[in-house]
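Observations on the three-dimensional arrangement
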Amino acid sequence: MNAGLKPGQEHFRFFPLHKKDTNKTIHTVDTILKIAVIGLGRIGQIHLAALKTFKNIKITAVSDISPELAKWTAAEYQIPHFYTNYQDIFQQKDIDAVWICSPTSYHLAQVKEALDSNKYIFCEKPLDKDSNNIQSLIDIYPDLNHRLMVGFNRRFDPDFAAVKASLKKIGKPTIIKITSRDPFPPTAEYTRASGGIYNDMSIHDLDMARFISESEAEQVIAVGSKNYTDDTDTTLITIKFKNGIICNIDNSRKASYGYDQRLEILGDKGMISVENKKINHLTFYSENSLESSVLEPFFLERYKDSYIEEIKAFITSIQEKKEFPSTGEDALKASILADACEKSLEQKKIIFL
Ligand SMILES: NC(=O)c1ccc[n+]([C@@H]2O[C@H](COP(=O)([O-])OP(=O)(O)OC[C@H]3O[C@@H](n4cnc5c(N)ncnc54)[C@H](O)[C@@H]3O)[C@@H](O)[C@H]2O)c1
């Protein structure tokens, strides 16, 4: 197929939507949840494939403004209903939860409608481009943390989660270094709708910095440049947290050698690092060189496990009636940091929070 794929999504032709995985169910949950997915582009297809591996999750409806894509997806995953108007999903009373995977500019409106239709919500990052809008949502829905989970999937990556769990081993953390570079820039259309590099891309790393430091920022400074697109596509961010930890984030919309994702934490008793994931772990030795495999191509492959783990966390929170592990509050705090980066870049100065 792939008729519904748009420019920028071509790489799915080579990595066809976890097709092998979708045919075998590998996870079970106690609760039967009926789910609908809104937005069937890159991340929508990844979530669908991941959701399909859960035995007790029934994907009941999908929606995309592209009729071909909606129809193809429903047929591919044997989903009973497909719509071009996402609001039709909210008319279906039997749907328990919605997965919002549409472009960023639609998130907030769709989240509000889903809340008013009494659904649980998983919404992709960022929740909105404007932190004031996120604050208003939090003010209107006081029980939001029990109803909305935001897709900061890297928290659920098994390696990053293990780092968080073993922080004590390195004593008091002092420096966090995060490298996150995409293999190629997104389309101009995607970039325009995304809210820019800080809200769209760095937001994952800003959340990771909060997650690992377990503190809030007091100073932010960002520098950036435009090397590949009309928008800032290369940036270095430095954050000083209230607990003294200093974090450096290195983002590029392009890394010619693949998807570069590294994390390093220095503590007063040692260091933990997560290195890049390669396609395989072979090394070829010769007289003149050592050769090993290239890196995982992109987020679909590198963070495959995290998308499964975040679904498990979503379901566990519902079953145990507890707050979701990445909430609207987390989205707000990451968004405030993204705003501070923008401001620092524009005004060429340190922003104090
Ligand atoms: N967590 C992650 O790893 C991750 C990765 C990629 C993207 N994202 C986020 O997911 C969101 C979508 O990104 P993408 O890369 O999948 O974009 P995309 O452009 O590939 O897909 C978006 C899809 O939504 C559809 N759409 C547009 N308006 C819609 C509407 N009103 N209702 C329903 N569908 C609509 C489009 O036709 C398209 O198929 C963005 O907010 C992005 O930040 C998260």
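Structure first, text after, so check above.
For clarity, every value in this text was computed on a predicted model and none was experimentally measured.

So, how was this worked out
Residues numbered from 1 in each chain as written. Predicted model: local features only at pLDDT ≥ 70, side-chain atom pairs only at ≥ 80, totals over all residues. Heavy atoms only, no water. Buried < 20%, exposed > 50% of the residue type's maximum accessible area, 1.4 Å probe, protein only. Helix = DSSP H or I, 4+ residues; strand = E, 2+ residues; numbered from the N terminus. Pairing = 2+ DSSP bridges. Right-handed = clockwise from strand over helix to strand, strands pointing away. Contact = heavy atoms within 4.5 Å. 1 Å grid on protein atoms, 1.4 Å probe; cavity = no way out; pocket = protein on both sides within 12 Å on 5 of 7 lines; lining within 4 Å. Points joined across faces, edges and corners; volume = space filled by probe spheres on them. Nonpolar A, V, L, I, M, F, W, Y, C, P; charged D, E, K, R; others polar. Phe/Tyr/Trp six-rings, centres within 6.5 Å; stacked < 30°, edge-to-face > 60°. Lys NZ or Arg CZ within 6 Å of the ring centre and 35° of its normal.

1. Focus on the pairing of strand 5 (residues 120-124)
Across the five residues that make up strand 5, a large majority, four, are buried. Here strand 4 (residues 97-100) runs beside strand 5; their pairing, made up of four bridges, is parallel. Its bridge partner being in strand 5, W99 is matched across the sheet by F122. One crossover worth recording links strand 4 to the parallel strand 5 by way of helix 5 (residues 104-116), and it is right-handed. Pairing geometry for strand 5 and strand 6 (residues 148-151), over four bridges, is parallel. Within the sheet, the bridge partner assigned to I121 lies in strand 6 and is L148.

2. Points about the environment of Q219
One can find Q219 in strand 8 (residues 217-225). Linking Q219 and I246, residues 27 residues apart in sequence, is a C-alpha distance of 9.5 Å. Excluding residues that lie within four positions of it along the chain, Q219 makes contacts with T238, I239, K240, I350, I351 and F352.

3. Considering empty space enclosed by the protein
With the rule as written, the count across this model stands at one cavity of 30 Å³ or more. Contributing to the lining of the largest cavity are R154, F160, I178, T179, S180, D205, M208, Q261, R262, L263 and Y303. Only strand 7 (173-181), helix 9 (196-213) and strand 11 (260-267) provide two or more residues apiece to the lining of the largest cavity. For the lining of the largest cavity, the residue count by class is five nonpolar, three polar and three charged.

4. Observations regarding the packing of aromatic side chains
Considering all chains together, one arrives at eleven aromatic pairs under this definition. Between Y259 and Y303, the ring centres sit 6.0 Å apart and the planes meet at 90 degrees, which makes this aromatic pair edge-to-face. Linking Y259 in the loop between strand 10 (246-252) and strand 11 with Y303 in the loop between helix 10 (299-302) and helix 11 (304-319), this pair joins segments that are 44 residues apart in sequence. The structure contains a cluster of three or more aromatic residues connected by ring pairs, namely F160, F184, Y259, F298, F299 and Y303. Sitting above the plane of the F160 ring, R302 keeps its charged end 5.4 Å from the centroid.

5. Topic: the layout of surface pockets
The space that makes up the largest pocket amounts to roughly 1200 Å³. Within the residue set of the lining of the largest pocket, elements represented by two or more residues are helix 2 (42-51), helix 5, helix 8 (188-194) and helix 9. Taken together, the residues of the lining of the largest pocket sort by class into 21 nonpolar, 17 polar and ten charged.

6. Points about the pairing of strand 11
Across eight bridges, strand 7 lies against strand 11 in antiparallel orientation. When the bridges of strand 11 are listed, T179 appears paired with R262. Examined bridge by bridge, strand 11 and strand 12 (residues 270-274) share five bridges and lie antiparallel to one another. In the strand pairing of strand 12, L266 is matched with M271. Taking the residues that link successive antiparallel strands as the turn, the strand 11-strand 12 hairpin has two residues.

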